[in-house]
Number of protein chains: 2
Amino acid sequence: MTTTRRRRGRPKGESGSRDLIVTAAEHEFGEHGYDGATIRAIAGRAGVDSALVHHYFGTKADLFAEVIGIPLRPDIDVPAILEGPRDEVGERVVRYVLEAFERPEVRRRGVTMIRVAIGSKVMSPPLVGFLSRELIGRITARLDAPDATQRAALVASQMAGLLVTRYVVKLPAIADLPVDEIVARVGPTIQRYLFD
Amino acid sequence: MTTTRRRRGRPKGESGSRDLIVTAAEHEFGEHGYDGATIRAIAGRAGVDSALVHHYFGTKADLFAEVIGIPLRPDIDVPAILEGPRDEVGERVVRYVLEAFERPEVRRRGVTMIRVAIGSKVMSPPLVGFLSRELIGRITARLDAPDATQRAALVASQMAGLLVTRYVVKLPAIADLPVDEIVARVGPTIQRYLFD
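Predicted, not measured: the structure shown is a model, and the values here were computed from it.

### Digging into the overall build of chain A
Counting secondary structure elements, chain A contains 11 helices and zero strands. Written out in order from the N terminus, the α and β elements of chain A read α-α-α-α-α-α-α-α-α-α-α. Per-residue burial over chain A gives 42% buried out of 196 residues. Partitioning the contacts of chain A with sequence separation of at least 6, the portion at a separation of at least 24 is 63%.

Written as C-alpha cells, this is what we have:
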C-alpha cells in the first residue's frame, strides 16, 4: 500500500485513508459487482467509518467513478500522446495503454473496472460517461476533423476490444503476444481511425 | 416463441421444450449472472422439470455454452464469409456481425452473453473456449499464413470492442453510426489484420 501515489500535497492521514478506501472499493466491486458492493462493506474493509467514505467520495457511483479514474490519467496523457510526431500517434496510443496495463496494479484495477462496467447494466453509463468525457472528448478536441468524435470512438472500440481480449477474458492468441508485436499490428489501425 | 428456429428435424415436443429452456436460461443468466442463475430456476421459468434441463443440456456450464452458441453459426457462416471475393472479406465480416446484432433477438442474447462472460471470472474461460474453437479456429483453418491464429485473434479483438461499445455499453459515437458507415471504416482494419 503506497500512500504517496495520489492526491499528493494533502495531509498524509487523509491520503492514507483515501487509499485504503479506494483499494477496499476495488476489491468489493471486483468480488460482488457494483450492485452487490456496499459503502458499509467497503468502509469495513478499509477499517474506517462509512461516513468518512461518503465524506471523501460521495455516493457509491462517485466512488466507482473514482476507482475507474485511477489507472489512467487522460487529462495529462492524451495531450502528450497526441502532440508528438503525427505519424507515430497510433503506435504511441497502443503502447501507452498496453504498458499501463502490463503494470500489475493498473491491470488489477483496470480489469475490475472493465468487468464491473460491462457486467452490470447500472455501471455501463458511468463508464460511458468517463470514456466520452475524459478520453474521447480529449482526443476529439485535438483532432482537426469534422468527424473527430467518430474517429475517437473507433479508437476506443479497438482499444476496448484489445483490453477485453488480452487482460479480461485472456484470449491466448492475444494474451501471449509481446507488447511490441501488438503495437506494430494495431498501431496502424489507430493511426488510420484518427487521421486517414 | 418460435419452435422451428433450431434443432430442426427433432420431434416437435422436444424442440419446443428446448427452446423454452434456452429462452429461460437467457433471462436467468441475464438477470442473475452465471453464478446466480440455477438450473432449478431456469427449469421453473421454462415450466419443465430440472431433470429435463439436465437431460437436454447437461451442466449449467453446458447450458450457458448452448446459450452462447445460439446467436451466430460460425460453422456455417465463417466459410461463406471467407470464401467470397478476397478483397471484400473485411467488410463482409463487419457487416455480417453487425447485421446479426441489429436483429433484436440476437442482440438481446448476444448482449447477455457478453455481459455475463466478461462480468464473471467463471464464465470467461467458456467464452474464450467458444471463440477460440468456433471462430478463431475456423478462420485460422482458412488463412494461408503462419501467423493465422494471431491474425484471427486481432480480428476478434476489434469485433469484440465494436460489439461492447455499440451494443453493450452503448457509447453514443459508435451506437449512433449507421451500419454502412461502420462497415466502411472498420472493414479495412479487418482486411489488414487478415491479409496484410
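There's more to say after this.
### A short note on the relation of the copies chain A and chain B
Overlay of chain A on chain B (RMSD 0.1 Å): rotation 180 degrees, translation along the axis 0.1 Å. Both copies of the chain, as the preceding transformation shows, are related through a two-fold rotation axis.

### Here's the deal with the packing of helix H9 (residues 148–168) of chain A against helix H9 (residues 148–168) of chain B
At a closest axis distance of 7 Å, the pairing of H9 of chain A and H9 of chain B adopts a crossing angle of 115 degrees. Crossing angle aside, the handedness with which H9 of chain A passes H9 of chain B is right-handed. Residues Ala153, Ala156, Ser157, Gln158, Ala160, Gly161, Leu162, Val164 and Thr165 of chain A of H9 of chain A form the contact with H9 of chain B, whose participating residues are Ala153, Ala156, Ser157, Gln158, Met159, Ala160, Gly161, Leu162, Val164 and Thr165 of chain B. Taken together, the residues of the contact of H9 of chain A with H9 of chain B sort by class into 11 nonpolar, eight polar and no charged.

### Let's talk about the packing of helix H7 (residues 104–119) of chain A against helix H7 (residues 104–119) of chain B
The contact between H7 of chain A and H7 of chain B brings their axes to 8 Å, and the two run at 150 degrees. Classified by the angle between their axes, H7 of chain A and H7 of chain B sit roughly antiparallel to one another. When you trace H7 of chain A past H7 of chain B, the crossing you get is left-handed. Contacts between H7 of chain A and H7 of chain B involve Arg115, Ile118 and Gly119 of chain A from the first element and Ile114, Arg115, Ile118 and Gly119 of chain B from the second. By residue class, the composition of the contact of H7 of chain A with H7 of chain B is three nonpolar, two polar and two charged.

### As for the nonpolar core
Val155 of chain A together with Val155 of chain B are the most contacted members of the largest nonpolar core, which totals 107 residues. Discounting residues that sit within four places of it in the chain, valine 155 of chain A has contacts with Val93, Ile139, Ile190, Tyr193 and Leu194 of chain A.

### Quick look at helix H2 (residues 39–46) of chain B
Along an α-helix, a turn takes 3.6 residues, which lines up residues three or four apart on a common side. Residue and element names in this part refer to chain B. Taken together, the buried positions of H2 are Ile42, Ala43 and Ala46. In a view along the axis of H2, the buried residues occupy a sector of 100 degrees, so they form one face of it. A positive backbone phi angle near 75 degrees is found at glycine 47, which sits one or two residues after H2.

### So, the confidence of the model for chain A
For chain A, the average pLDDT comes to 83, and 85% of its residues sit at 70 or higher. Interface confidence for the predicted complex, expressed as ipTM, amounts to 0.73; the pTM equals 0.73.

### Topic: the environment of aspartate 49 of chain B
All names here are of chain B. Relative to the helices and strands, aspartate 49 resides in the loop between H2 and helix H3 (50–57). Classification of aspartate 49 as exposed rests on a count of 12 C-beta atoms within 10 Å. Residues aspartate 49 and isoleucine 39 lie 10 residues apart in sequence; the distance between their C-alpha atoms is 9.5 Å.

### Let's talk about the interface of chain A and chain B
The interface is formed by 36 residues belonging to chain A together with 37 residues belonging to chain B. Of all the secondary-structure elements, those providing two or more residues to the side of chain A that touches chain B are H7, helix H8 (124–142), H9, helix H10 (172–175) and helix H11 (179–195) of chain A. No other element matches H9 of chain A, which puts 13 residues into the side of chain A that touches chain B. Its residues placed into classes, the side of chain A that touches chain B shows 21 nonpolar, 12 polar and three charged.

### Looking at helix H6 (residues 89–102) of chain B
All names here are of chain B. Its 14 residues place the ends of H6 20 Å apart at the C-alpha level, agreeing with the 20 Å of an ideal helix rising 1.5 Å per residue. Those residues of H6 not exposed but buried are Val89, Gly90, Val93, Val94, Val97, Leu98 and Phe101. Down the axis of H6, the sector holding all buried residues measures 160 degrees, keeping them to one side. Of the exposed residues in H6, the ones pointing more than 90 degrees away from its buried face are Glu99 and Glu102.

Analysis parameters
Residues numbered from 1 in each chain as written. Chains lettered and ligands numbered in written order. Predicted model: local features only at pLDDT ≥ 70, side-chain atom pairs only at ≥ 80, totals over all residues. Helix = DSSP H or I, 4+ residues; strand = E, 2+ residues; numbered from the N terminus. Buried ≥ 20, exposed ≤ 12 C-beta atoms within 10 Å, placed from the backbone. Contact = placed C-beta atoms within 7 Å. Least-squares fit on C-alpha atoms with pLDDT ≥ 70 in both. Axes fitted to C-alpha atoms, helices over the stretch in contact; angles between N-to-C directions. Left-handed = near helix turned anticlockwise from the far one by under 90°. Nonpolar A, V, L, I, M, F, W, Y, C, P; charged D, E, K, R; others polar. Parallel < 35°, antiparallel > 145°, perpendicular 65-115°, else oblique. Core = buried A, V, L, I, M, F, W, Y, C linked by C-beta atoms within 7 Å. Arc of directions from axis to C-beta. pLDDT = per-residue confidence, 0-100. Expected span 1.5 Å × (residues − 1).

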